[in-house]
Amino acid sequence: MGYKIQIEDFNAILRELRRVYRVFAPVNMKGKGPYAGTDLVGYAEISKFEQVVYNQKTVYSAKEALFKPVETLFYFTEEEFKQPAIQTNKILIFVRPCDINAFKRLDEIFINNGPYKDNYYQQRREKVKFILMECGAGFDNCFCVAMGTNATDDYSLLLRPAEGFVACQIKDPEFDAYFNGFNDSMEITPRFVEKNNITIQLPQNMDIDNDILNNPLWQEYTLRCTGCGRCNFVCPTCSCFTMQDIFYRDNDNSGERRRVWASCMVDGFTDMAGGHAFRNNQGDRMRFKVMHKFYDFHKRFGYHMCVGCGRCDDICPEYISIVKCVNKLKSSSPGGE
Ligand code: SF4
Ligand code: SF4
């Protein structure tokens, strides 16, 4: 069922929703862009529909609503430790199809990858519902169609901005009550992107062998990549973190253990006790990242980790493109055909 709802009426619905849900959406963050005087489109809590930015891709994905850049896992003293209180609010996120598919990948890593579930992630994930945002013609560097992530049916509401009103599809009965009393009904079904400007040649039947390990193409990235890690931090499927123990100044036997986003492209990621490091140059790190997105995850879960959002290509200060890298890998590696 769908409705046409005037924007002020939708904002009244949003006020009711916010009594139960924290509502996150892409918004314009004034002055937060990478250069002086520039803005950034990123996720924040909203109170009005007009705040939602539909016509741009966010720089960072919505993953931080569930997997925080910095999170305290527990507080400790000499004698005991205590976990932070569990968050009780439900969460509603305005999100595009590729990013909904990215949450499926994060679920595999944090919940389905072995016998131990990540309780911190899971307790939030159980409270999350999605509001589907359509993409129109898509954005620069997107290749979601090739990755099969351009469409989804995992959403509760579809909201499409129109001239003076919001077109709403209510898919999840949990939300029916919020729309009682609105009778300007319309047919609405999601429109998904069917073609991107960029295509990726995915290697089939690829296996990691010496041809891939020693492929000279990786050396290009040793020369070009600065190891800034931006490509990982904007990626909706990157899930690596490191641990930090913080000791309080007034009692250095007490403190907190935090987990903090980490990047496989940054120096020190593979450092081990004793001083050994597995991947010492940017070419090796690029190889690891690309093979993780397009090989190992697929081997374990049966589909690729990358959802083709193109954020890593958008953000790289050296104009390094994961799509071009995978295309070169396919054309240069006998194992990549
Ligand atoms: S690897 Fe790049 S294109 Fe793929 S999901 Fe991550 S940021 Fe998006
Ligand atoms: S964003 Fe570009 S330069 Fe920075 S680590 Fe990633 S590939 Fe290297």
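Sequence order as written defines the numbering, with residues in each chain counted from 1. Chain labels run from A onward and ligand labels from 1 onward, assigned in the order the entries are written. Residues qualify for local features only when their pLDDT is at least 70, as the model is predicted, and side-chain atom pairs are given and counted only at 80 or more; totals for whole chains, interfaces and linings, by contrast, use all residues. Derived side-chain values reflect all non-hydrogen atoms in the structure, with water molecules and hydrogen atoms excluded from consideration.

A. Structural detail: the pattern of salt bridges. Take a side-chain nitrogen of Lys or Arg and a carboxyl oxygen of Asp or Glu: if they are within 4 Å of each other, that pair is a salt bridge. The final tally for this structure, using the stated rule, is 19 salt bridges. Note that Arg311 is salt-bridged to Asp99, the shortest N-O span being 2.7 Å. With Arg311 in helix 9 (residues 311-315) and Asp99 in helix 2 (residues 97-110), the pair connects residues that are 212 residues apart, well separated along the chain. Judged by its relative accessible area of 4%, Arg311 is buried. Among the salt bridges present, the one from Glu220 reaches Lys328, with a minimum N-O distance of 2.6 Å. Counting from the N terminus, the helices are DSSP H or I runs at least four residues long and the strands are E runs at least two residues long. A simple rule labels every residue: compare its accessible area, found with a 1.4 Å probe on the protein chains alone, to the largest value its type can have, and call it buried under 20%, exposed over 50%, or partly exposed in between.

B. Broad picture of the side chain of Ser321. Its place among the elements puts Ser321 in the loop between helix 9 and helix 10 (322-332). Of the residues examined, Ser321 reaches a relative accessible area of 13% and is grouped as buried. Separated by 2.9 Å, the side chains of Ser321 and Asp313 make a polar contact. Think of a polar contact as two N or O atoms within 3.5 Å of one another; within protein, one of them needs to be a possible hydrogen donor and the other a possible acceptor, and neighboring residues in sequence only count if both atoms come from side chains.

C. Layout of the site of ligand 1. Phe143, Cys235, Pro236, Cys306, Val307, Gly308, Cys309, Gly310, Cys312 and Ile322 make up every residue found near ligand 1. Split into classes, the residues belonging to the shell around ligand 1 amount to 8 nonpolar, 2 polar and no charged. Nearness here has a simple test: a residue counts as near a molecule or strand if at least one of its heavy atoms is within 4 Å of that partner. Each residue gets one label: Ala, Val, Leu, Ile, Met, Phe, Trp, Tyr, Cys and Pro are nonpolar, Asp, Glu, Lys and Arg are charged, and the others, such as Gly, are polar.

D. Quick look at the pairing of strand 1 (residues 2-6). For strand 1 and strand 9 (residues 165-170), the ladder comprises 5 bridges, and the chain directions are antiparallel. Among the inter-strand pairings, Tyr3 is bridged to a residue of strand 9, identified as Cys168. At least two DSSP bridges between two strands are required for those strands to pair. Where strand 1 meets strand 10 (residues 185-186), 2 bridges bridge the pair, whose relative direction is antiparallel. Opposite Gly2, over in strand 10, you have Met186 as the bridge partner.

E. Representation of the domain arrangement of the protein within the structure. Here the limits of each domain have been adopted from an automatic or database domain assignment. Domain annotation for the protein reports domain 1 (2-69 + 86-186) and domain 2 (210-332). On a C-alpha basis, the centres of domain 1 and domain 2 stand 26 Å from each other. Taken residue by residue, the interface counts 33 residues in domain 1 and 31 residues in domain 2. The term buried area means the drop in 1.4 Å probe accessible area that two parts suffer when joined, counted for both and summed. Counting the surface lost from both domain 1 and domain 2, the interface buries some 2700 Å², and carbon and sulfur atoms represent 60% of this. For the pair domain 1 and domain 2, the interface holds 3 salt bridges. A salt bridge links Arg259 to Asp118; its shortest N-O distance comes to 2.6 Å. The tally of links from domain 1 across to domain 2 stands at 18 residue pairs in polar contact (both at pLDDT 80 or more). Secondary-structure elements contributing two or more residues to the side of domain 1 that touches domain 2 are helix 2, helix 3 (119-125) and helix 4 (144-147). The element best represented in the side of domain 1 that touches domain 2 is helix 2, accounting for 10 residues. Taken together, the residues of the side of domain 1 that touches domain 2 sort by class into 15 nonpolar, 8 polar and 10 charged. Contacts were defined at the residue level, with two residues in contact if any of their heavy atoms lie within 4.5 Å.

F. Broad picture of helix 6 (residues 217-224). Here helix 6 has its buried residues at Leu217, Trp218 and Tyr221. Projection of helix 6 onto a plane perpendicular to its axis shows the buried side chains occupying an angular sector of 110°, all on one side. Residues of helix 6 that are exposed and point over 90 degrees away from its buried face: Gln219 and Leu223. Residues of helix 6 that are buried in the fold lie against helix 5 (210-213), helix 8 (282-301) and helix 10. Each C-beta atom gives one direction from the helix axis, and the arc is the one those directions make.

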